[in-house]
Amino acid sequence: MARILAEQRDELRWGQTYTAADFGQRFIDNYGWVELFGTRGHYINDKVAAGFLVLGPGIEYPDHHHLAEEVYIPLTGGAAWRMGDAPFRERCGGEVIHHASNMKHAMRTGSEPLLALYLWRGGPLAAKSTVTGTIAGGKD
């Protein structure tokens, strides 16, 4: 899947929800998503959105939440995920990770990048998340 996305990268509409002012330039240089279907996707759908999230190595996506319910399926292993006030826990590739509506969650990569399939439903599908956490060590 990673090879296909890399080969087709110029044909896909990649996006970033945040700016360097939000989390620093290092985060922005190592973060992006491509929505295959949804309100911003290649195929328009206003009820469900799905695509891929990419986070480079050594990146923390701080605590955030959103109205839409979310499912992630990491296609690579080694990333740690946190839900609510629980500690970060490494998740395996292929594992299903469910965030209920407005469930606070965060992700952190180790030495390898993360590629994950995401699915959103319910709520405004293009709404920016409410960020409640900060990046460890601050913005770059």
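Here goes a summary of the coordinates provided. Quick caveat, the model's predicted, so the values are computed rather than measured.

**Re the pattern of salt bridges**
If charged atoms from side chains of opposite charge come close, those side chains can pair. Per the counting criterion, the structure on display carries eight salt bridges. A salt bridge links Glu-69 to Arg-121, with the nearest nitrogen and oxygen atoms 2.5 Å apart. Residue Glu-69 is located in strand S6 (residues 69-74), and its partner Arg-121 is located in strand S11 (residues 114-121); the two are separated by 52 residues in the primary sequence. A salt bridge links Arg-89 to Glu-95, with the nearest nitrogen and oxygen atoms 3.9 Å apart.

**Let's talk about the environment of Arg-91**
With respect to the helices, strands and loops of the structure, Arg-91 is situated in the loop between strand S8 (89-90) and strand S9 (97-99). Arg-91 gets classed as buried once you look at its relative accessible area, which sits at 7%. Spatially, the C-alpha atom of Arg-91 lies 9.2 Å from that of Thr-76, the residues being 15 residues apart in sequence. Discounting residues that sit within four places of it in the chain, Arg-91 has contacts with Gly-77, Gly-78, Ala-79, Trp-81, Met-83, Val-96 and Ile-97.

**Overview of the packing of aromatic side chains**
Two measures describe an aromatic ring pair: the distance that separates the ring centres and the angle between the ring planes. Within the structure shown, the criterion is met by nine aromatic pairs. Judged by centre distance (6.3 Å) and plane angle (75°), the ring pair of Tyr-18 and Phe-27 falls under edge-to-face. Considered together, Tyr-18 and Phe-27 belong to a single accessibility category, that of buried residues. In this structure an aromatic cluster arises from ring pairing among Tyr-18, Phe-23, Phe-27, Tyr-31 and Tyr-61.

**Quick notes on the environment of Asp-85**
If you trace the backbone, Asp-85 turns up in the loop between strand S7 (80-83) and S8. The spacing of Asp-85 and Arg-40 is 45 residues in sequence and 31 Å in space, taken between C-alpha atoms. In this structure the side chain of Asp-85 is engaged in a polar contact, spanning 2.7 Å, whose partner is the side chain of Lys-104.

**A word on the sheet that holds S8**
Here five strands make up an open sheet; going across it, the order is S8-S7-S10-S5-S12 and the pairing antiparallel. Because the sheet does not close on itself, it has two edges, and the strands there are S8 and strand S12 (130-131). Judged from the four bridges that link them, S7 and strand S10 (residues 105-108) form a sheet pairing that is antiparallel. Across the sheet, residue Met-83 finds its bridge partner in S10, namely His-105.

**Considerations on the nonpolar core**
By size, the foremost hydrophobic cluster in this structure holds 23 residues, and its most contacted members are Phe-27, Tyr-31, Leu-55 and Tyr-72. Counting only elements with at least two residues in this core, the list comes to helix H3 (25-29), strand S2 (31-38), strand S4 (48-55) and S11. The element that contributes the greatest number of residues to this core is S11, accounting for four residues. Of all hydrophobic cores here, the second largest spans five residues; its members include Leu-5, Leu-12, Phe-52 and Leu-115.

The rules we used
- Counting starts from 1 at the beginning of each chain's written sequence and moves along it residue by residue.
- Residues qualify for local features only when their pLDDT is at least 70, as the model is predicted, and side-chain atom pairs are given and counted only at 80 or more; totals for whole chains, interfaces and linings, by contrast, use all residues.
- Side-chain numbers here rest on the full set of heavy atoms in the structure, without hydrogens or water.
- Criterion for a salt bridge: a side-chain nitrogen of Lys or Arg within 4 Å of a carboxyl oxygen of Asp or Glu.
- Helix and strand assignments follow DSSP, with helices taken as H or I runs no shorter than four residues and strands as E runs no shorter than two, numbered in order from the N terminus.
- Buried residues are those whose accessible area, probed at 1.4 Å on protein chains only, stays under 20% of the maximum for their type, while exposed residues exceed 50% and partly exposed ones sit between those limits.
- It only takes one pair of heavy atoms within 4.5 Å for two residues to be counted as in contact.
- Each aromatic pair joins two rings of Phe, Tyr and Trp (for Trp, the six-membered one) with centres within 6.5 Å, and gets the label stacked for planes under 30 degrees apart, edge-to-face for over 60, and tilted for any other angle.
- Polar contacts, as used here, are pairs of N or O atoms within 3.5 Å; protein pairs need one atom able to donate a hydrogen and one able to accept it. Residues neighboring in sequence count only if both atoms are side-chain atoms.
- For two strands to be treated as a pair, DSSP must find no fewer than two bridges joining them.
- Throughout this description, the term nonpolar core refers to a set of buried Ala, Val, Leu, Ile, Met, Phe, Trp, Tyr and Cys residues connected via side-chain atoms within 4.5 Å.

Everything listed here is a matter of coordinates, which is why it stays silent on function.
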